[in-house]
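# Tertiary structure, described
Residues per chain, in single letters:
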Amino acid sequence: MIQDSAYTPAAVSPEEWAHAKCDKYDYMIAAFCGGAAGLIDVFFVGDPLSSVLGKSADHAADGFVKKAAHFFWKQDPRTTGKMKKKPETLEQCISYLEQAFPVCYDARYAKDLLAEDGVLSGMRPLNHHLLSLAHSPDPIGLIFSIINQFMGYASFVDHGKIIHLIPKKTSGAIPYMQGTNLPSMLFCGFVNWIGHLLSDLAGSSSTRSAGKSGRGAGIPIPFYELFLGCEFGDFDGNTLAETMITVFEQGYDLRFGAAMAIPVLLEELMIRVLWMLRQKLLRKKSWKESLPTAAHADLRIMLIVGNATLCAVDGIDAAAHGLAEGGNMVSFICHLNLIGWARLIMLVLKELSIRLGPVVKKAPAQFAQSILEIAAPAEQKQILDFENRMAAYDQYLQGLYLEFVKQVEMEYQQLFLEIHAAFDGNADEFGRFEHSVKLAEHCGVEDHKIIRNQSQLNDLFL
């Protein structure tokens, strides 16, 4: 067994753990795990059309859609409109989910919407799940789905701009927002969003019917829709946004995203397990101290090295396929593991935040201190006096703001009380009349326009 001279068996403080450094064996382990995961990505993930793991992901998605349809069918309380028999085939399951969770933003062509000529001219069944923002399985998609269900229009991205269009055809299949109050309506909208995403996860019922070999157009990878705003670049005459739409049409959807995540997960799992075993067996730490958490700087660096190695292997493979097809950008991106690259960027940004965060926070204080150091004593006193005056003035403004808020709250409370008393059906007529006068005075109605007694009321109508 290799003895690690960089660490002693004695207990190490949390501060020392946080600033631990990787040795050559840590780098070797990270590079090996990343390289192995990269080879898995090259030979078993590849591109959406020929991916071995992609076919397994498609099969798993089909099974998940079936189980989801069976679950919702059993829980469906409807007496009309519900399938009498439990859906069995994939086509039946997708069809049930489509009719159980209809939405107003599921147009496949521009002709299905009240749109001007030329708007969404490139939208078709292969890409409408990407162009429709509510079809994204992320917070952006949820927000637009709730808004679309409330307002009755559909939100799309057309040439980098978000547009809102009303569906041309309406029928009993287009739902209204269910629920009795705002919380229940939001919950119903959320469930409807989830159910509709499930109906699109493995393609539509028409594309997955018996006898058809296609995999159907799925839903995009989370946050993939952000590429639609990249209206720049020139890739074979197309912008980056148009290129990413073509990539999605090649099958680069959530199912393929799950396949791309497999080598990334394997790489991180291998690094974490091997790191933990080294801490326990070589460095004689307790199991608690050997837990692979983000508190350990050496583990974080190993994960960065491992992911970087995976991305390097993946990038070389993608470049080779792109060059082999005459510099085809679509082929290059189809072979690119975006999940791995996104994970690498997240790890690097997190590490920069950990290491540079305190430095950034101290920068303003250090800048102010440097000014004081170069200033003369009289100038230093003036600067400090100015800071004290600004702090005192800020406190004064804060007091005025709190007093203003308190006064406004009191006025609105009084207004609410007068409104409630003036329209209280259980109160006597005279009391309601008195409160209506006070309400008019409180709202600033001119004195000569306020009716204060019965005689004035009679004069008004007689």
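Residues numbered from 1 in each chain as written. Predicted model: local features only at pLDDT ≥ 70, side-chain atom pairs only at ≥ 80, totals over all residues. Heavy atoms only, no water.

### Thoughts on the overall build of the protein
Secondary structure assignment for the protein yields 15 helices and two strands. Looking at the protein residue by residue over its 462 residues, the buried ones come to 37%. In the protein, the proportion of contacts linking residues at least 24 apart, taken out of those at least 6 apart, comes to 66%. Total accessible area on the protein is roughly 27,300 Å²; 65% of this is exposed by carbon and sulfur atoms. (Helix = DSSP H or I, 4+ residues; strand = E, 2+ residues; numbered from the N terminus. Buried < 20%, exposed > 50% of the residue type's maximum accessible area, 1.4 Å probe, protein only. Contact = heavy atoms within 4.5 Å. Areas by Shrake-Rupley, 256 points an atom, 1.4 Å probe, with all protein chains shown as cover.)

### A few points about the environment of Ala 69
Considering the arrangement of structural elements, one finds Ala 69 in helix α3 (residues 52-75). Ala 69 gets classed as buried once you look at its relative accessible area, which sits at 0%. Remark: the alpha-carbon pair of Ala 69 and Gln 92, spanning 23 residues in sequence, is separated by 9.0 Å. Contacts of Ala 69, omitting those with residues within four sequence positions, involve Cys 93, Tyr 96 and Leu 97.

### Brief notes about the nonpolar core
Counting 56 residues, the largest nonpolar core has Leu 97, Leu 120, Phe 156 and Tyr 224 as the members making the most contacts within it. Of all the elements, α3 adds the most residues to this core, at eight residues. Not counting the four nearest positions on each side in its chain, Phe 156 is found in contact with Tyr 105, Ala 107, Leu 113, Leu 120, Met 123, Leu 131, Ser 132, Lys 161, Ile 162 and Ile 163. Cys 22, Trp 275, Ile 304 and Leu 344 belong to the second largest nonpolar core, which has 15 residues in total. (Core = buried A, V, L, I, M, F, W, Y, C linked by side-chain atoms within 4.5 Å.)

### So, the layout of surface pockets
In this structure, the second largest pocket encloses a volume near 380 Å³. Around the second largest pocket sit 14 residues that line it, and Ile 221, Pro 222, Leu 338, Ile 339 and Ala 342 are the ones nearest its centre. Within the residue set of the lining of the second largest pocket, elements represented by two or more residues are α9 (254-282) and α12 (338-374). (1 Å grid on protein atoms, 1.4 Å probe; cavity = no way out; pocket = protein on both sides within 12 Å on 5 of 7 lines; lining within 4 Å. Points joined across faces, edges and corners; volume = space filled by probe spheres on them.)

### Concerning the pattern of salt bridges
This structure, assessed with the given rule, holds 15 salt bridges. A salt bridge links Asp 26 to Arg 278, with the nearest nitrogen and oxygen atoms 2.5 Å apart. Of this pair, Asp 26 sits in helix α2 (residues 24-45) while Arg 278 sits in helix α9, and the two are 252 residues apart along the sequence. Judged by relative accessible area, Arg 278 falls into the buried class, the value being 8%. Through salt bridges with shared partners, a single ionic network connects Asp 23, Asp 26, Arg 278, Arg 283 and Asp 298. (Salt bridge = Lys/Arg side-chain N within 4 Å of Asp/Glu carboxyl O.)

### Observations concerning the confidence of the model for the protein
Per-residue confidence for the protein averages 86 on the pLDDT scale, and 89% of its residues sit at or above 70. Note that residues 1-12 has pLDDT below 50 and, in this model, 19 contacts with residues that lie over four places away or in other chains. (pLDDT = per-residue confidence, 0-100.)

### A short note on the pairing of strand β2 (residues 161-165)
For strand β1 (residues 154-158) and β2, the ladder comprises five bridges, and the chain directions are antiparallel. Across the sheet, Ser 155 pairs through a bridge with His 164, a residue of β2. Connecting β1 to the next strand, β2, in antiparallel fashion are two residues, including His 159 with a positive phi near 55°. (Pairing = 2+ DSSP bridges.)

### Quick word on unusual backbone geometry
We note that Leu 120 has phi near 55°; this positive angle belongs to a residue other than glycine. Looking at the secondary structure, you find Leu 120 in the loop between α4 (90-100) and α5 (128-131). The class of Leu 120 is buried, set by a relative accessible area of 1%.

### Points about helix α10 (residues 297-324)
In an α-helix, one turn spans 3.6 residues; hence positions three or four apart end up facing the same way. Helix length check: α10, at 28 residues, gives a terminal C-alpha distance of 40 Å against a target of 40 Å (1.5 Å per residue), a fit within 8%. Residue Gly 326 follows α10 closely and has a positive phi angle near 75°. (Expected span 1.5 Å × (residues − 1).)

### Concerning the side chain of Ser 205
Its place among the elements puts Ser 205 in the loop between α7 (182-201) and α8 (240-249). Judged by relative accessible area, Ser 205 falls into the buried class, the value being 16%. In this structure Ser 205 touches Glu 91, Ile 94, Ser 95 and Glu 98, once residues within four positions along its chain are discounted.

### Observations concerning the packing of aromatic side chains
Across all of its chains, the model carries eight aromatic pairs by this definition. A ring pair is formed by Tyr 224 and Phe 248, whose centres lie 6.3 Å apart and whose planes are at 45°; its orientation type is tilted. One end of the pair, Tyr 224, is in the loop between α7 and α8; the other, Phe 248, is in helix α8, and 24 residues separate them in sequence. Their ring planes at 35° and their centres at 6.2 Å tell us that Tyr 224 and Tyr 252 sit as a pair that is tilted. One end of the pair, Tyr 224, is in the loop between α7 and α8; the other, Tyr 252, is in the loop between α8 and α9, and 28 residues separate them in sequence. The pair formed by Tyr 224 and Tyr 252 is uniform in burial state, with each residue classed as buried. Among the aromatic side chains, those forming a connected cluster through ring pairs are Tyr 224, Phe 227, Phe 248, Tyr 252 and Phe 256. Lying over the aromatic face of Trp 73, Lys 82 brings its terminal NZ or CZ to 4.6 Å of the ring centre. Its end group placed over the ring of Tyr 109, Lys 111 keeps NZ or CZ at 5.2 Å from the ring centre. (Phe/Tyr/Trp six-rings, centres within 6.5 Å; stacked < 30°, edge-to-face > 60°. Lys NZ or Arg CZ within 6 Å of the ring centre and 35° of its normal.)

### Regarding the environment of Phe 187
Relative to the assigned elements, Phe 187 resides in helix α7. Owing to a relative accessible area of 54%, Phe 187 belongs among the exposed residues under this scheme. Sequence separation of Phe 187 and Ile 146 is 41 residues, and the distance between their C-alpha atoms is 9.5 Å.

### Considering the pairing of β1
Burial analysis of β1 places five of its five residues in the buried class, the great majority of the element. Burial of β1 is two-sided: the residues Ala 154, Phe 156 and Asp 158 facing one way and the residues Ser 155 and Val 157 facing the other way are all buried.

### Comments concerning α7
Between its first and last C-alpha, α7 extends 28 Å over 20 residues, near the 28 Å set by a 1.5 Å rise per residue. Every buried residue of α7 is listed here: Met 185, Gly 189, Asn 192, Trp 193, Gly 195, His 196, Leu 197, Leu 198, Ser 199, Asp 200 and Leu 201. Contacts made by the buried residues of α7 are with α3, α4, α5, α6 (139-151) and α9. The positive-phi residue at the C-terminal boundary of α7 is Gly 203, with phi of around 95°.

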